[in-house]
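Listed below are the residues making up each chain.
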Amino acid sequence: MTATVRTATLADLERLLPQMDQQFVFGKGRSISLEERFPAVYCTENRANIFVLEEDGKVVSALASKRFEWVCPNRIWSGAMIGMVYTHPEQRRCGFASYLLDRAIERLYADGVEFVVLWTDQPAFYARLGWIAADCGVLGVLGAVPSPSEPGGNVARAPAHAADIERIELIRRHRCVRLLPRSEKDYGQLPPPAKTVDILLWGGGIDHAAYAIVGVVGQVGILYEMTGNPEGFSLLWADMCRGHGRILANDMKGSTAQSWLAENTGLAWQDKPLAMWLPLSVHAETAGFSNWYIPYFDRI
Ligand SMILES: CC(C)(COP(=O)(O)OP(=O)(O)OC[C@H]1O[C@@H](n2cnc3c(N)ncnc32)[C@H](O)[C@@H]1OP(=O)(O)O)[C@@H](O)C(=O)NCCC(=O)NCCS
């Protein structure tokens, strides 16, 4: 193979993004480009984390990565998530994506990354390359949403504003055992197939407050995260029910919110094993990935 792996230039991205949009968004009957959906990934600041493979002067394969801090009770880890692994349809099965993944990971490792993670419904492709499947994620589904018993008007519903974001980050630091801190740009993320994301906020201050992050596509509400004082959960849930005919909920099995939802709503739960991990440092080999849950909202 005469392939070279390098970070993407602006010109690469201009050529690649339409193909990747077709593969990952439009070709699946969804709308809104990757650039708009993942503003913290496809931006100038993150270009050093987007890798391409060039063969005979042509880019044939690409992947995006995004660095993050993973704050655990005893330690802060340096992680990277990987997404949008892509090879041009005519060049598939030549080993390009596998080679690109390996080289990209080598570079992330050299840059201090201790583990990488991705979410896939094609685990066999990554398992051959040494990735480990481990996930404590669950999906709750409620087909016919009942009329809420709680009164409305107690919850603020808005796209994320800087002041709300600052407060939500403080609530998260106060409540979450493990945490992926988010920047303002991260709150601009729009996971497919959502067309908008609402932030629902209840209560005041930090201790007496709770929030929910909800993606919306048509009549469907997708709960990505509900955190804070459980006293606020019933009002947040009522607000979600008011706005949607069907609700999906992504959460970690046994979390405070998931336990509350399991007890108080008709959501039917199933395991959702999508995460695959690759430890890069000796410490990461014993990290216990099966207990780590990275919220759906953060994933690329
Ligand atoms: C998945 C994808 C990136 C693989 O790219 P590629 O350059 O063809 O991959 P490679 O040539 O490095 O690897 C191909 C090998 O992986 C295997 N493979 C490919 N897709 C696979 C899958 N879904 N499950 C299991 N194995 C798979 C092939 O059998 C092949 O193995 P072989 O050489 O022993 O026959 C490419 O098919 C693609 O762009 N698909 C559409 C986008 C996508 O689904 N991306 C993954 C999102 S998680």
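Scroll up to find the structure this text is about.
Since the structure is predicted, the reported quantities are computational estimates derived from the model, not experimental observations.

J.: Sorry, what's going on with the overall build of the protein chain here?
T.: Counting its secondary structure elements, the protein chain contains 7 helices and 14 strands. Here the C-alpha atoms of the protein chain give a radius of gyration of 20 Å, agreeing with the 19 Å that 2.2 N^0.38 yields for 300 residues. A buried classification covers 53% of the 300 residues belonging to the protein chain. Sequence-distant contacts in the protein chain: of pairs separated by 6 or more residues, those separated by 24 or more amount to 70%. Split by element, the accessible area of the protein chain, about 13600 Å² in all, is 51% carbon and sulfur. When the 29 basic and 33 acidic side-chain charges of the protein chain are each reduced to a single mean position, those positions are 4 Å apart.

J.: When you look at the environment of Lys272 in this model, what are you seeing that I'm missing?
T.: Among the structural elements, Lys272 can be located in the loop between strand E13 (268-271) and strand E14 (275-279). Note on Lys272: relative accessible area 32%, which makes it partly exposed. Between the C-alpha atoms of Lys272 and Val214, which are 58 residues apart in sequence, the distance is 18 Å.

J.: Honestly, helix H3 (residues 96-110) in this entry has me stumped. Any pointers?
T.: Two residues of an α-helix separated by three or four positions point the same way, owing to the 3.6 residues in each turn. Look at H3: 21 Å from first C-alpha to last across 15 residues, which is about the 21 Å you get at 1.5 Å a residue. Among all positions in H3, only Phe96, Ala97, Ser98, Leu100, Leu101, Ala104, Ile105 and Leu108 are buried. Immediately beyond the C-terminal end of H3, within one or two residues, lies Gly112, with a positive phi of roughly 100°.

J.: Can you walk me through the site of the ligand in this structure?
T.: Around the ligand, a shell composed of 18 residues is seen, among which Thr87, Arg93, Gly95, Ser98 and Gln122 lie nearest. In this structure, Cys94 approaches the ligand through a main-chain N or O atom, which is 3.3 Å from an oxygen atom. Contact with the protein chains covers 72% of the free accessible surface of the ligand, which is 900 Å². Contributions of two or more residues to the shell around the ligand are made by helix H1 (10-24), strand E4 (75-87), H3 and helix H4 (123-127).

J.: Would you mind going over the sheet that holds strand E11 (residues 220-228) with me for this structure?
T.: The strands making up a sheet are joined through hydrogen bonds of the backbone, oriented either antiparallel or parallel. Taken in spatial order, the 7 strands line up as E8-E9-E10-E11-E12-E7-E13 in an open sheet, and their pairing is mixed. Each edge of the open sheet carries a strand with a single partner, namely strand E8 (156-158) and E13. Each adjacent strand pair in this sheet contributes to an overall mean axis angle of 25°, direction not counted. With respect to the sheet, helix H5 (residues 162-175) is in contact with strand E9 (196-204), strand E10 (208-217) and E11, its orientation differing from that of E9 by roughly 70°. Relative to the sheet, helix H7 (residues 256-264) contacts strand E7 (137-142), E11, strand E12 (246-252) and E13, its axis offset from that of E12 by approximately 140°.

J.: Explain the sheet that holds E14 to me, please; I cannot follow it from the model alone.
T.: Reading across the sheet, the 7 strands line up as E1-E2-E3-E4-E5-E14-E6 and stay open at both edges, with mixed pairing between neighbours. Lying at the two open borders of the sheet, with one neighbouring strand each, are strand E1 (4-7) and strand E6 (132-133). Of the strand pairs in this sheet, E6 and E14 are connected by 2 bridges, and their pairing is antiparallel. Residue Ala133 lies in a different strand from E14, and its bridge partner there is Met276. Contacts from H1 reach E1, strand E2 (50-55), strand E3 (58-72) and E4, with the element oriented near 80° to E4. Its contacts with the sheet place H3 against E1, E2, E3, E4, strand E5 (115-119) and E14, and it is angled at close to 40° to E3.

J.: I tried to follow the pattern of salt bridges on my own but got confused; where do I start?
T.: Between side chains of opposite charge, a pair can form as their charged atoms come close. This model, assessed by the stated rule, comprises 15 salt bridges. With a closest N to O distance of 2.9 Å, Arg182 and Glu225 form a salt bridge. Taken together, the residues span a long stretch of sequence, with Arg182 in the loop between H5 and E9 and Glu225 in strand E11 at a distance of 43 residues. Of the two residues examined, Arg182 and Glu225, each falls in the buried class. Across the pair Asp239 and Arg242 runs a salt bridge, and its minimum N-O distance is 3.7 Å. Taken as a pair, Asp239 and Arg242 lie in helix H6 (residues 233-243) at a separation of 3 residues, close to a single helical turn.

J.: Can you help me understand the nonpolar core in this one?
T.: Soluble globular proteins tend to pack their nonpolar side chains together in the buried interior. Within the largest apolar cluster, 37 residues are counted, with the highest numbers of intra-cluster contacts made by Met20, Leu34, Tyr42, Trp70, Phe115, Trp277 and Trp292. Looking at this core, the elements that each hand over two or more residues are H1, E2, E3, E4, E5 and E14. Aside from chain neighbours lying at most four places away, what touches Met20 is Val25, Leu34, Tyr42, Ala62, Met84 and Tyr86. If you look at the next biggest cluster of nonpolar residues, it comprises 24 residues, including Val60, Ala97, Met276 and Leu278.

J.: How do you make sense of the side chain of Thr227 when you look at a structure like this?
T.: Secondary-structure assignment places Thr227 in strand E11. Given a relative accessible area of 11%, Thr227 falls into the buried group. Apart from residues lying up to four places away in sequence, Thr227 is in contact with Ile171, Arg175, Cys176, Ala210, Tyr211 and Phe233.

The rules behind these values
- Residues numbered from 1 in each chain as written.
- Predicted model: local features only at pLDDT ≥ 70, side-chain atom pairs only at ≥ 80, totals over all residues.
- Heavy atoms only, no water.
- Helix = DSSP H or I, 4+ residues; strand = E, 2+ residues; numbered from the N terminus.
- Rg over C-alpha atoms; globule rule 2.2 N^0.38 Å.
- Buried < 20%, exposed > 50% of the residue type's maximum accessible area, 1.4 Å probe, protein only.
- Contact = heavy atoms within 4.5 Å.
- Areas by Shrake-Rupley, 256 points an atom, 1.4 Å probe, with all protein chains shown as cover.
- Lys, Arg positive; Asp, Glu negative; His and termini not counted.
- Charge placed at Lys NZ, Arg CZ, Asp CG, Glu CD.
- Expected span 1.5 Å × (residues − 1).
- Near = heavy atom within 4 Å.
- Polar contact = N/O pair within 3.5 Å; in protein donor to acceptor, adjacent residues only side chain to side chain.
- Pairing = 2+ DSSP bridges.
- Axes fitted to C-alpha atoms, helices over the stretch in contact; angles between N-to-C directions.
- Salt bridge = Lys/Arg side-chain N within 4 Å of Asp/Glu carboxyl O.
- Core = buried A, V, L, I, M, F, W, Y, C linked by side-chain atoms within 4.5 Å.

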